[in-house]
Amino acid sequence: MRASQLLISTLKETPADAEIISHQLMLRAGMIRRLASGLYTWLPFGLRTLRKVERIVREEMDRAGAQEVLMPAVQPGELWQESGRWEQYGPELLRVHDRHNREFCIGPTHEEVITDLIRKEINSYKQLPSNFYQIQTKFRDEIRPRFGVMRSREFIMKDAYSFHVDQTSLAETYQAMYDAYSRIFTRLGLDFRAVMADNGSIGGEGSHEFHVLAASGEDAIVFSTGSDYAANIEKAEAVPHGMDRAAPQEAMHLVDTPDAKTIAALVDQHGLAIEKTIKTLIVEGAEGGLVALLVRGDHELNEIKAENLPEVKAPLTMASDEDVRQAVGAGFGSLGPVGLDMPIIADRSVLLMSDFGAGANIDGKHYFGINWERDLPLAKEADLRNVIEGDPSPDGLGTLSIARGIEVGHIFQLGTKYSNAMNATVLDENGKAVPLMMGCYGIGVTRVVAAAIEQNHDERGIIWPEALAPYSVALVPMNAHKSELVRETAEHLYSQLQAAGIDVLLDDRDIRPGVKFADLELMGIPHRIVIGERGLNNGELEYKGRKDDEATLVPQATIIDFLAERMGR
RNA sequence: CGGAAUAUAGCUCAGCUUGGUAGAGCGCUGCCUUCGGGAGGCAGAGGUCGCAGGUUCGAAUCCUGCUAUUCCGACCA
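From a predicted model like this one, the values you see are computed outputs, not experimental measurements.

Asks: Break down the protein's contact with RNA strand B for me, citing the residues and quoting the values.
Replies: Near RNA strand B you find 49 residues, and of these Ala-16, Arg-140, Asn-479, Glu-521 and Glu-542 are the closest. Those atoms of RNA strand B that come within 4 Å of the protein belong to sugar or phosphate at a rate of 43%. Contact distances for RNA strand B include 2.6 Å between a phosphate oxygen and a backbone N or O atom of Ala-16. Between Arg-144 and RNA strand B, the recorded distance is 2.6 Å, taken from a side-chain N or O atom to a phosphate oxygen. Secondary structure elements with two or more residues in the surface near RNA strand B: strand S8 (154-164), strand S20 (400-415), helix H14 (513-523) and strand S28 (527-531). A class-by-class count of the residues in the surface near RNA strand B yields 16 nonpolar, eleven polar and 22 charged.

Asks: Which residues make up unusual backbone geometry, and what values do they have?
Replies: Of the consecutive residues Leu-128 and Pro-129, the connecting peptide bond is found in the cis state with omega at -5°. Position of Pro-129 relative to the elements: it lies in the loop between helix H5 (111-121) and strand S7 (130-139). Not every positive phi belongs to a glycine, and Phe-147 is a case in point at roughly 60°. Summarising the element assignment, Phe-147 is placed in the loop between S7 and S8. Non-glycine residue Glu-373 carries a positive phi angle of around 70°.

Asks: Provide a residue-level description of the sheet that holds strand S6 (residues 103-106), including the pertinent values.
Replies: Taken together, three strands build an open sheet; the order of strands is S4-S6-S5 and the sheet is antiparallel. The open sheet has two edge strands with one neighbour each: strand S4 (74-76) and strand S5 (94-97). If you compare each strand with its neighbour and ignore which way they point, the axes differ by 40° on average. Here S4 runs beside S6; their pairing, made up of three bridges, is antiparallel. From the neighbouring strand, Val-74 faces S6, where its bridge partner is Ile-106.

Asks: Provide a residue-level description of the packing of helix H2 (residues 44-63) against helix H12 (residues 445-455), including the pertinent values.
Replies: Relative orientation of the contacting elements H2 and H12 amounts to 115°, with a least axis distance of 9 Å. Taken as axis vectors, H2 and H12 run roughly perpendicular relative to one another. Considering the relative orientation of H2 and H12, their crossing is right-handed. For the pair formed by H2 and H12, the contact residues are Thr-49, Leu-50, Val-53 and Glu-54 on the first element and Val-445, Thr-446, Val-448 and Val-449 on the second. Residue composition of the contact of H2 with H12, grouped by class: five nonpolar, two polar and one charged.

Asks: Requested: an account of the pairing of strand S26 (residues 473-477), with residues and values cited.
Replies: Among the five residues in S26, five count as buried, and that is most of the element. A two-sided burial pattern is seen for S26, the buried positions comprising Val-473, Leu-475 and Pro-477 on one face and Ala-474 and Val-476 on the other. With helix H13 (residues 484-499) bridging S26 and its parallel neighbour strand S27 (residues 504-506), the resulting β-α-β unit is right-handed. Bridge count between S26 and S28: five bridges; the pairing is parallel. Within S28, the residue paired with Val-476 across the bridge is Val-530.

Asks: Which residues make up the environment of Val-486, and what values do they have?
Replies: As for its position among the elements, Val-486 is in helix H13. Judged by relative accessible area, which is 0%, Val-486 ranks as buried. C-alpha of Val-486 to C-alpha of Glu-533: the two residues are 47 residues apart in sequence and 6.0 Å apart in space. Those residues in contact with Val-486 that lie beyond four places of it in its chain are Pro-477, Met-478, Ala-480, Ile-531, Gly-532, Glu-533 and Leu-536.

Quick notes on the rules
Residues numbered from 1 in each chain as written. Chains lettered and ligands numbered in written order. Predicted model: local features only at pLDDT ≥ 70, side-chain atom pairs only at ≥ 80, totals over all residues. Heavy atoms only, no water. Near = heavy atom within 4 Å. Polar contact = N/O pair within 3.5 Å; in protein donor to acceptor, adjacent residues only side chain to side chain. Helix = DSSP H or I, 4+ residues; strand = E, 2+ residues; numbered from the N terminus. Nonpolar A, V, L, I, M, F, W, Y, C, P; charged D, E, K, R; others polar. Pairing = 2+ DSSP bridges. Axes fitted to C-alpha atoms, helices over the stretch in contact; angles between N-to-C directions. Parallel < 35°, antiparallel > 145°, perpendicular 65-115°, else oblique. Left-handed = near helix turned anticlockwise from the far one by under 90°. Contact = heavy atoms within 4.5 Å. Buried < 20%, exposed > 50% of the residue type's maximum accessible area, 1.4 Å probe, protein only. Right-handed = clockwise from strand over helix to strand, strands pointing away.

The analysis is restricted to geometry; functional conclusions fall outside its scope.
Here it is, written out as structure tokens:
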């Protein structure tokens, strides 16, 4: 490509509405432009990277035995009625009517469509297992689109759905997809981790997320220092440090705490160690009524874990001030488990506490010196909290540390959730109709591009990994208008590189070199060759990698080999 | 949807407190000069100051309502 023929829309200044670096650089490098909230146009330059991601994803999916299909973005509402998600999905599902006033939605995902297809097309266990994927536009009417294409409403996803007669077969394909995803993110040159995840609203059993590690990531992911245990913090099991509860030392006593409405205030004003306090959180119960959840003062409630408890209403809903006051007779700052008349569920570490402090269920008063079994019956035990740095690893090997990640892929074992709801069966070896087992596997293709930039940039701009670079090599002729030699050499090299199958950008723009250098660095082109009369007189070209501090002089005759080596080809 | 902020040229912003009819830098067009790291000069184009009302002789500026965008929370690839 000749730069003079390419829409290069670089910006010197950072647009004011871009918060994170990838969003800023995608705008500045002229990859995307915003149309409306959460809706972006991909400009020619940005689209090239998007296509490179798609190509790698496609190659690896094909290699893993999946078949590509393409399903419509618009889906009939009746399929969603059938699966039950028309009601469940909520306002994130964009619903539309056609001219006959029939209901449709713009697909946020395609379980319904693929299940409908497969129940019609596949009738026998002999046709299984099979796995279908597409790379297609999704729409989710996010409450808060943000960070450019990182969380947009319209985005491109690779989604795959596998079908099986039994769990064993599902587990095999799941593993194959796990491996394919690992290859994909490795080929993309990303620093990523696969972590155990909660299944969320999609339901089913096993699930892993693939995260690109980045400080701006929206998820907290947890690793063991002593094993390969890794999980989303939503899922990571919190294991108490010890097994035994210390014997009571103090008598329980009532303390006036008129100004201590928070744990921090209680600790400050009354000299209680934060590990000796508990938070009492009142939430709505599954069967109506209220449920109390206890975590240690220095721990955080894990809402996913709480919501998965049978006693607790999903989605997790904190009780209102009025409801609490009516049920307990005290307000939020003074709640505690002693004498509390509702189901009480305590985090494991809470049950190991002794001589602790908690609200007395009387406004402005706390009990100190509380002890289980002596002052109140032992509460029901559950894992309720987020793990923290230094907790023991659940597999018993090492301790946990926490990092930030951007979720770029997610694989699920769905089981028979959709096939049951939509009556998708096949005949097994005994001629008996059995519901199809399903797995589903997603990659946020547009998000991968943003995540790659989060991980690969410097103060000058993007630094594309080789596999994602829109162009691998940029040629910059110096003073081309003055030098026939420079022009000819540049043209010749341009043809040579094209013939070698290298994506090359010839910067033939009629602008000053400094502007070209700045643009090419902003745009992240990995390899740059400057063609100047000075060097040519010595038979040399000047090479500079995007990450290099200094340029290298390379004999003209060896430039193709030199580049090939630098590109790792 | 709850909380906060912002809205003036393609981009980044000033002007608003104290009302008098539109500004800068970058970008864009033409010409000249320059040409190894976002050059310089000259001449230009470009804005019903987010929208709708109100106050006033007069509103970008004051008031009211709306809309959009961004940030913080809950959802997700």
